[in-house]
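# Understanding the architecture of this molecule
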Amino acid sequence: MRTIAQFFRQTRGVAAVEFALIAPVLCMLWVGIIEASNLHLVGRKATIATQSAADLVAQRLTVDANSLDDIGRAMAAIFQPFPDAPMSYEIESVVTDSSGAVSVDWRVTRGSVNGGGNIPAPAIPLVTQNDSVIVVTVNYLYTPTLNLLFGNLLIEEQAFARPRRTRIIPMT
């Protein structure tokens, strides 16, 4: 009986037991902070890449396949150190004619973009007669580093820019 009472009064291993109980929670919290930070960083990079591409196209008088490929490489460079393979994008010029009919003048797509092929609804009120707007859509499939808390997440960004030096930017 005396040895049992002495056993319950022992406190030499309490810190080790408490640490063993708290350590898994702290590790999961640490992993969650890292994953959330990476997800936020990729989201910011997607926003910056989308807006930069729209701005670069809007500064030009004309575009061609090579210049749009260069802009695509610039977007990929913005995503560094994250891989650019999960990135897909669509760059297009939405135009209106003298009667106000809205159409796509030209479109360049890399990968699969959600809603690709359609005129983006937010672009329609941005154009007036004989006018255009540049629309850039970027999708990035983010894969978490440890993939413990959540699966792959799709980040979608869209940017609009008016041509600066001409009303409509033709593709040559």
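Reference entry: report on the structure contained in this document. (Residues numbered from 1 in each chain as written. Predicted model: local features only at pLDDT ≥ 70, side-chain atom pairs only at ≥ 80, totals over all residues. Heavy atoms only, no water.)

### Some points on the nonpolar core
In terms of nonpolar packing, the biggest core is built from 28 residues, with Val57, Met75 and Ile91 touching the most fellow members. When residues of this core are traced back to their parent elements, those giving at least two are α2 (14-58), α3 (65-78), β1 (87-96), β2 (102-110), β3 (132-142) and β4 (153-161). The greatest single-element share of this core, amounting to 7 residues, is contributed by α2. Ignoring any residue separated from it by four or fewer positions in sequence, one finds Ile91 in contact with Val57, Leu68, Ile71, Met75, Trp106, Arg107, Val108, Ile134, Val135 and Val136. Of all hydrophobic cores here, the second largest spans 5 residues; its members include Val94, Ala123, Val133 and Val135. (Core = buried A, V, L, I, M, F, W, Y, C linked by side-chain atoms within 4.5 Å. Buried < 20%, exposed > 50% of the residue type's maximum accessible area, 1.4 Å probe, protein only. Helix = DSSP H or I, 4+ residues; strand = E, 2+ residues; numbered from the N terminus. Contact = heavy atoms within 4.5 Å.)

### A few points about the sheet that holds β2
Sheet architecture is open: 4 strands sit in the order β2-β1-β3-β4, paired in antiparallel fashion. Each of the sheet's edge strands pairs with one partner strand only, and the pair in question is β2 and β4. Each strand axis lies, on average, 15° off the axis of its neighbour in the sheet, ignoring direction. Each of β1, β2, β3 and β4 touches α2; the most contacted strand, β4, lies at about 25° to it. (Pairing = 2+ DSSP bridges. Axes fitted to C-alpha atoms, helices over the stretch in contact; angles between N-to-C directions.)

### Quick word on the packing of aromatic side chains
Counted by the stated rule, this structure contains 1 aromatic pair. Judged by centre distance (4.6 Å) and plane angle (5°), the rings of Phe79 and Tyr140 are stacked. Of this pair, Phe79 sits in the loop between α3 and β1 while Tyr140 sits in strand β3, and the two are 61 residues apart along the sequence. Side by side, Phe79 and Tyr140 carry an identical accessibility label, which is buried. (Phe/Tyr/Trp six-rings, centres within 6.5 Å; stacked < 30°, edge-to-face > 60°.)

### Side note on the side chain of Asp131
Note that Asp131 resides in the loop between β2 and β3. Given the relative accessible area of 8%, Asp131 is considered buried. Every residue in contact with Asp131, bar those within four places of it in the chain, is listed here: Val94, Val95, Thr96, Leu126, Arg162, Arg167 and Ile168.

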